[in-house]
Amino acid sequence: MFSFSTVPRVLSLVIFIAPTLARLQDFGIPPSDATVDVKAFNVANFTLNNLTSVFLNPVLPGREDFTLPLQAFLIEHKPTKKKFMFDLAMRNDPQNLPPAFSSFFSSKAITFDPFKDITELLQDGGVSLDSIEAVFWSHAHFDHIGDMSKFPNSTKIVVGGKTDLSLSPESPNSDLQASDLAGHEVVQLDFANTNLAFAGMKAIDHFGDGSFYLLDTPGHFTGHMSALARVTPSSFIVLGGDTHHHVGQFRPTGAFQDTIPCPGDLLADARSAISTDFFWSTKTTPGAFDIPSRTKPFFALSDVPGSFYEDPVTATLTVDKLAAFDADADFLTIITHDQSIQSILPYFPASLSTWQADGLKAKTAWQFVDPANPAFLFSPVQECEFE
Ligand SMILES: [Zn+2]
């Protein structure tokens, strides 16, 4: 029996489903009901003293020290209940890093407060280490690879195919030493032979069911990869790794402004706080920065000698590609060292998988322009603040 009351319901169903499918098809991501669960750990905080310039440009006076959280992510493949890690943050005994890197800490170029190793955090949370099937390293930098000697040999290491696995001390510039690999099977992914690509990034369907993809995201360091985790059939978390280190390096774009406009209270606060001597947009007037008319990211990736981007041109292209996901309401992008969301992100044992229903993207995306946020780097620091 047909009734008028069923018409709006049918129509609303069509309207509700159609845009989501269209977006997935735009990126070329095949539909799937298979998902993973994602939980984040806030492992440690680093401050790199007088080093902001190796991350981003421009560096405003008084903003020379750069503080970064080190995050790690627990992934559970829902169909099989198998657990994985995406990055481990850093081992908590930096004196035992290879000499080229332990010197950062002994010289106080990098300072930090003592912290628990991710293996302790997992076990404190009731996650046994032998339940971790594999650890994905976004790349083989010391602040991502943890201390694999604390994991059982059964835990595999999965890396991007171009990752250099040579060891210190024979390779003195390598972050890796024998204990990082000993006893573990190492799987090197081959992006050269995949037919999948999303937003211009080569992708590997790790479980073969559309729940978890690795993305080829070069530029920061050889072999760098990111992850695309499907947390509901139509919503995703992008674990960017170190594609960039400050969200102002990929926000905003014009498309991002259209999808996730800056909340009014932040607009008002940022208007007078963002320095118009350093940043501009079409509707900005001197001393009054207009966020909605800014259609390119605030910061460029650093390309100075000693830049933390091995290939700044390629890294910038990678960030442009990730920004396409970031401007879509079905994707939450988290870069490993995003300080702007550190006080807001729900951490383990909370799951990030309900981020879309929880409105987490709207709550977090523009926090970096809040003058009270620790990631706010958009005004010179007045010396009198310290007097
Ligand atoms: Zn890093």
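Bear in mind the structure is a predicted one, so any value in this text is a computation, not a measurement.

A.B. asks: What is the right way to read the coordination of the zinc ion from this model?
C.D. replies: Around the zinc ion, the protein contributes the donor atoms Asp143 (OD), His144 (NE2), Asp242 (OD) and His337 (NE2), which lie 2.0 to 2.2 Å from the metal centre. Taken together, the four donor atoms coordinating the zinc ion span angles of 86 to 164 degrees at the metal, a pattern that classifies the geometry as irregular. Of note, the zinc ion draws all its donor residues from one chain, in the sequence arrangement D-H-x97-D-x94-H. Here Asp143 is found in helix H4 (residues 142-145), whereas its partner Asp242 is found in the loop between strand S13 (235-241) and helix H6 (254-259), with 99 residues between them in sequence. Exposure remark for Asp143: the relative accessible area of 10% places this residue in the buried category.

A.B. asks: Sorry, what's going on with the UniProt feature "domain: Metallo-beta-lactamase" (unreviewed entry) in the chain here?
C.D. replies: UniProt records the feature "domain: Metallo-beta-lactamase" (unreviewed entry) at residues 69-283, using the numbering of this structure. Regarding residues 69-283, the helix share stands at 18% and the strand share at 27%, and the terminal C-alpha atoms are separated by 34 Å.

A.B. asks: Looking at this structure, I do not really get the sheet that holds S13. What am I missing?
C.D. replies: The pairing of strands in a sheet happens through backbone hydrogen bonds and is either parallel or antiparallel. Pairing within the open sheet is mixed, and its six strands lie in the order S9-S10-S11-S12-S13-S15. The open sheet terminates on both sides in strands that have one partner only, identified here as strand S9 (196-198) and strand S15 (331-335). Going from strand to strand, the sheet's axes swing by 30 degrees on average, the running direction of each strand aside. Alignment of S13 against S15, held across five bridges, turns out to be parallel. Each residue of the ladder has a partner; that of Phe236, found in S15, is Phe331.

A.B. asks: Before we go on, may I ask you to explain the sheet that holds strand S6 (residues 132-136) in this structure?
C.D. replies: If you trace the seven strands from one edge of the open sheet to the other, you get S5-S1-S3-S4-S6-S7-S8, paired in mixed fashion. With one partner strand each, in any of the chains shown, strand S5 (110-112) and strand S8 (186-189) form the two edges of the open sheet. Averaged over all adjacent pairs, the angle separating strand axes in this sheet is 30 degrees, with direction ignored. Sheet topology places strand S4 (residues 82-86) next to S6; four bridges connect them, and they run parallel. Directly across from Phe84, in S6, lies its bridge partner Ala134.

A.B. asks: Help me understand the layout of surface pockets in this model?
C.D. replies: Taking a probe equal in size to a water molecule and rolling it over the atoms shows the remaining empty space. Considered as a void within the structure, the largest pocket measures approximately 350 Å³ in volume. Lining the largest pocket are 21 residues, with Phe104, His141, Phe142, His220 and Phe308 positioned closest to its centre. For the lining of the largest pocket, a count of residues per class yields eleven nonpolar, six polar and four charged.

A.B. asks: How should the nonpolar core be read in this particular structure?
C.D. replies: Side chains of a nonpolar character, in soluble globular proteins, are inclined to be buried together. Counting 82 residues, the largest nonpolar core has Trp137, Leu228, Ile274, Phe325, Trp366 and Val369 as its most contacted members. In this view, Trp366 contacts Pro252, Phe256, Gln257, Ile260, Pro261, Cys262, Pro263, Leu266 and Ile291; residues no more than four positions away in its chain are not counted.

A.B. asks: How should I be thinking about unusual backbone geometry in this particular structure?
C.D. replies: Both trends apply: most residues other than glycine have a negative phi, and most peptide bonds are in trans. The omega angle of the peptide bond from Asn57 to Pro58 is 5 degrees, so this bond is cis rather than trans. Residue placement: Pro58 occurs in the loop between strand S2 (56-57) and strand S3 (66-77). In the segment running from Arg251 into Pro252, the intervening peptide bond is cis, with an omega of -5 degrees. Within the element layout of this structure, Pro252 appears in the loop between S13 and H6. Its identity as a non-glycine residue notwithstanding, Asp87 has a phi of 70 degrees, on the positive side. Mapped onto the secondary structure, Asp87 falls in the loop between S4 and helix H2 (99-106). Although it is not a glycine, Lys108 adopts a positive phi angle of roughly 65 degrees. Positionally, Lys108 belongs in the loop between H2 and S5. For Lys108, a relative accessible area of 57% translates into the label exposed.

Cut-offs applied
- Residues numbered from 1 in each chain as written.
- Predicted model: local features only at pLDDT ≥ 70, side-chain atom pairs only at ≥ 80, totals over all residues.
- Heavy atoms only, no water.
- Donors = N, O, S within 2.8 Å, 3.2 Å for Na, K, Ca; no water.
- Tetrahedral: all angles 85-135°; square planar, octahedral: opposite > 155°, others 65-115°.
- Helix = DSSP H or I, 4+ residues; strand = E, 2+ residues; numbered from the N terminus.
- Buried < 20%, exposed > 50% of the residue type's maximum accessible area, 1.4 Å probe, protein only.
- UniProt positions renumbered as here; feature names shortened; annotations may be inferred.
- Pairing = 2+ DSSP bridges.
- Axes fitted to C-alpha atoms, helices over the stretch in contact; angles between N-to-C directions.
- 1 Å grid on protein atoms, 1.4 Å probe; cavity = no way out; pocket = protein on both sides within 12 Å on 5 of 7 lines; lining within 4 Å.
- Points joined across faces, edges and corners; volume = space filled by probe spheres on them.
- Nonpolar A, V, L, I, M, F, W, Y, C, P; charged D, E, K, R; others polar.
- Core = buried A, V, L, I, M, F, W, Y, C linked by side-chain atoms within 4.5 Å.
- Contact = heavy atoms within 4.5 Å.

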